[in-house]
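# Descriptive structure summary
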Amino acid sequence: MNPEQQIAPASVPEQGSSTAQPGRMVSRSEIQTEKSLAEFLVQMDSYAPIIPEALTDYYLAQAGFECTDVRIKRLLALATQKFISDVATDAFQYNRIRQQASKDKKFLNKDRKTV
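Thresholds, definitions, all that
Residues numbered from 1 in each chain as written. Predicted model: local features only at pLDDT ≥ 70, side-chain atom pairs only at ≥ 80, totals over all residues. Heavy atoms only, no water. Helix = DSSP H or I, 4+ residues; strand = E, 2+ residues; numbered from the N terminus. Buried < 20%, exposed > 50% of the residue type's maximum accessible area, 1.4 Å probe, protein only. Contact = heavy atoms within 4.5 Å. Areas by Shrake-Rupley, 256 points an atom, 1.4 Å probe, with all protein chains shown as cover. 1 Å grid on protein atoms, 1.4 Å probe; cavity = no way out; pocket = protein on both sides within 12 Å on 5 of 7 lines; lining within 4 Å. Points joined across faces, edges and corners; volume = space filled by probe spheres on them. Polar contact = N/O pair within 3.5 Å; in protein donor to acceptor, adjacent residues only side chain to side chain. pLDDT = per-residue confidence, 0-100.

What follows concerns the overall build of the chain. Across its full length, the chain holds three helices and two strands. Taken from N to C terminus, the helices and strands of the chain fall in the order β-β-α-α-α. The buried share of the chain, taken over its 115 residues, is 10%. For the chain, long-range pairs separated by at least 24 residues make up 43% of all intrachain contacts whose partners lie at least 6 apart in sequence. Carbon and sulfur atoms form 58% of the exposed surface of the chain, whose accessible area is close to 9,600 Å².

Next up, the structure:
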């Protein structure tokens with residue numbers, strides 16, 4: 001039997017587990033996922049995102065989002081940071097491609113004039 005498919009009784013829930021219900025069997029992959037999530041949330045306690053918390057709080061309040069858990073707010077700030085980073089990277093790559101195409105076009109125009 002594959003270790004991923006083996007199941008453990010849910011009567012002994014993992015620390016911080018909210019999905020374990022009495023009588024329900026929990027797979028090892030679910031337990032591993034919960035452990036990974038718990039470790040991630042512990043890491044979020046010490047993480048300081050680039051986007052200031054006051055700015056995050058302001059825009060979350062403007063959107064009507066109310067949450068007292070700082071880890072959730074930091075997670076949203078991290079997602080925002082990733083989004084901004086992806087947009088900036090894509091814009092940079094697009095600009096490089098456009099500049100390269102411009103250089104290639106100039107090179108082709110010079111060849112036509114000399115022939």
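Okay, empty space enclosed by the protein next. In this structure the tally under the stated criterion is one cavity of 30 Å³ or more. Forming the walls of the largest cavity are Pro49, Ile51, Glu53, Thr56, Asp57, Val70, Lys73, Arg74 and Ala77. For the lining of the largest cavity, the elements supplying multiple residues, two or more each, are α2 (53–62) and α3 (70–114). No other element matches the four residues that α3 contributes to the lining of the largest cavity.

Looking at the secondary structure, you find arginine 74 in helix α3. A polar atom in the side chain of arginine 74 sits 3.5 Å from the backbone oxygen of tyrosine 47. Those residues in contact with arginine 74, other than ones at most four positions away along the chain, are Met44, Asp45, Ser46, Tyr47, Pro49 and Glu53.

This part covers the confidence of the model for the chain. Confidence in the prediction of the chain, expressed as mean pLDDT, is 79, and 71% of residues score 70 or more. pLDDT under 50 marks residues 1–17. Its contacts with residues more than four places away, or in other chains, come to 23 contacts.

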